[in-house]
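Each chain, written out:
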Amino acid sequence: MALPLKKESYTFADCLTWPENERIELIDGEAVMMSPPSTVHQKISGELFRQLANFLEGKKCEVFSAPFGVRLFEKDGDSPENVDTMVEPDISVICDRDKLDRHGCKGAPDLIVEILSPSTQRRDRLIKLELYQRAGVREYWLVSPEEQTVQVLLFTNGLLLPHELYKKGDIAKVNVLEGCFLELEKVFPGP
């Protein structure tokens, strides 16, 4: 759902004035409110974050969980008024620490994980996929709590292309992190 229009287009400068407890993404200047995640969503996100954080301990890459602002197309020298896209992926892994600042990440993370829900599925599979592709995100995971699957897309020749589909009992390889494998049996709760 979009915010009531007070302006034709929003920027990151507007985001900085909004309450911190509001989950709002900016997509090409359009403000999109996000509903609170479900319990299952949070369990999956927490377990993925735990496994990634354990693997990355003492390494140069860092993992962040939502809410964490990613300004995909911001370049050095851009002012907040010039930035019209800011997303909050469920999980972001950033290996270039120069991309990190006090507001989050400027530029494309190396890995983005989005956990699908009925209200976000279309946006995650179409709109965000196109944004992440345009920004050059190296690896994109679409996690389906309903199907208990992880679809992995890799950035190849300018496109995010399907690479692998993992199911609940599988060990999923994180392609951008050498030697990193996640146990999906622990990620998806229930029988």
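Residues numbered from 1 in each chain as written. Predicted model: local features only at pLDDT ≥ 70, side-chain atom pairs only at ≥ 80, totals over all residues. Heavy atoms only, no water.

Can you tell me about the side chain of Lys128, naming the residues and giving the values?
Counting through the fold element by element, Lys128 comes out in helix 3 (residues 121–135). A relative accessible area of 1% means that Lys128 is categorised as buried. With sequence-adjacent residues up to four places away left out, Lys128 is seen in contact with Glu25, Val87, Glu88, Glu114, Arg123 and Tyr140. (Helix = DSSP H or I, 4+ residues; strand = E, 2+ residues; numbered from the N terminus. Buried < 20%, exposed > 50% of the residue type's maximum accessible area, 1.4 Å probe, protein only. Contact = heavy atoms within 4.5 Å.)

Can you lay out the pattern of salt bridges for me, pointing to particular residues and giving the numbers?
Applying the stated criterion across every chain yields a total of 14 salt bridges. Residue Arg97 pairs with Glu62 through a salt bridge whose shortest N-O separation is 3.7 Å. Note that Arg97 is positioned in the loop between strand 5 (91–94) and strand 6 (100–101) and Glu62 in strand 3 (residues 62–65), a separation of 35 residues in sequence. By relative accessible area, Arg97 is classed as partly exposed at 46%. In this structure, the salt-bridge partner of Arg134 is Glu130, at a minimum N-O distance of 3.1 Å. Placement of the pair is Arg134 and Glu130 together in helix 3, with a separation of 4 residues, close to one helical turn. Residue classification places Arg134 among the partly exposed positions, given a relative accessible area of 45%. Given a relative accessible area of 37%, Glu130 falls into the partly exposed group. (Salt bridge = Lys/Arg side-chain N within 4 Å of Asp/Glu carboxyl O.)

Now, about the nonpolar core: what can you tell me, with residues and values included?
Within the largest apolar cluster, 28 residues are counted, with the highest numbers of intra-cluster contacts made by Leu48, Leu52, Val93, Trp141, Val174 and Leu177. Put simply, the parts of the chain that give this core at least two residues each are helix 2 (39–56), strand 5, strand 8 (111–115), strand 9 (139–144), strand 10 (149–156) and helix 4 (184–187). Contact partners of Leu177, with chain neighbours within four places excluded, come to Leu52, Phe55, Leu56, Cys61, Val93 and Cys95. Judged by nonpolar contacts, the second largest core, of 18 residues, contains Ile27, Ile94, Cys105 and Leu160. (Core = buried A, V, L, I, M, F, W, Y, C linked by side-chain atoms within 4.5 Å.)

Summarise the pairing of strand 2 (residues 30–33); cite the residues concerned and give the values.
In the sheet, strand 1 (residues 24–27) pairs with strand 2 via 4 bridges, with the strands oriented antiparallel. In the sheet register, Glu25 faces strand 2, and the bridge partner there is Val32. Hairpin connection of strand 1 to strand 2: 2 residues between the antiparallel strands, including Asp28 at a positive phi of 50°. (Pairing = 2+ DSSP bridges.)

Please set out the sheet that holds strand 7 (residues 104–106) residue by residue, giving values where relevant.
Ordered by their spatial adjacency, 3 strands build an open sheet running 4-7-6, and the pairing between neighbours is mixed. Unpaired on one side and paired on the other, strand 4 (70–71) and strand 6 mark the two borders of the sheet. Here strand 4 runs beside strand 7; their pairing, made up of 2 bridges, is parallel. The residue bridging Arg71 from the neighbouring strand is Lys106, located in strand 7.

Break down the state of the cysteines for me, citing the residues and quoting the values.
By definition, a disulfide links the sulfur atoms of two cysteine residues through a covalent bond. Within this structure, the stated rule accounts for 1 disulfide. What pairs with Cys61 in a disulfide is Cys95, and their sulfur atoms sit 2.0 Å apart. Around the S-S axis, the bridge from Cys61 to Cys95 shows a dihedral of about 105° and counts as right-handed. Highlighted residues: Cys61 in the loop between helix 2 and strand 3 and Cys95 in the loop between strand 5 and strand 6, separated in sequence by 34 residues. Neither Cys61 nor Cys95 differs from the other in exposure class; each is buried. (Disulfide = S-S within 2.5 Å.)

Give a description of the sheet that holds strand 8 that names residues and reports values.
In spatial order, the strands read 3-5-8-9-10-11; together these 6 strands make up an open sheet with mixed pairing. Because the sheet does not close on itself, it has two edges, and the strands there are strand 3 and strand 11 (159–167). Geometrically, the sheet is characterised by an average inter-axis angle of 15° between neighbouring strands, direction not taken into account. Across 8 bridges, the pairing between strand 10 and strand 11 is antiparallel. Residue Phe155 lies in a different strand from strand 11, and its bridge partner there is Leu160. Helix 2 contacts strand 3, strand 5, strand 8 and strand 9 of the sheet and is inclined by roughly 165° relative to strand 3. Contacting strand 8, strand 9, strand 10 and strand 11, helix 3 crosses the sheet at an angle of about 165° to strand 9. (Axes fitted to C-alpha atoms, helices over the stretch in contact; angles between N-to-C directions.)

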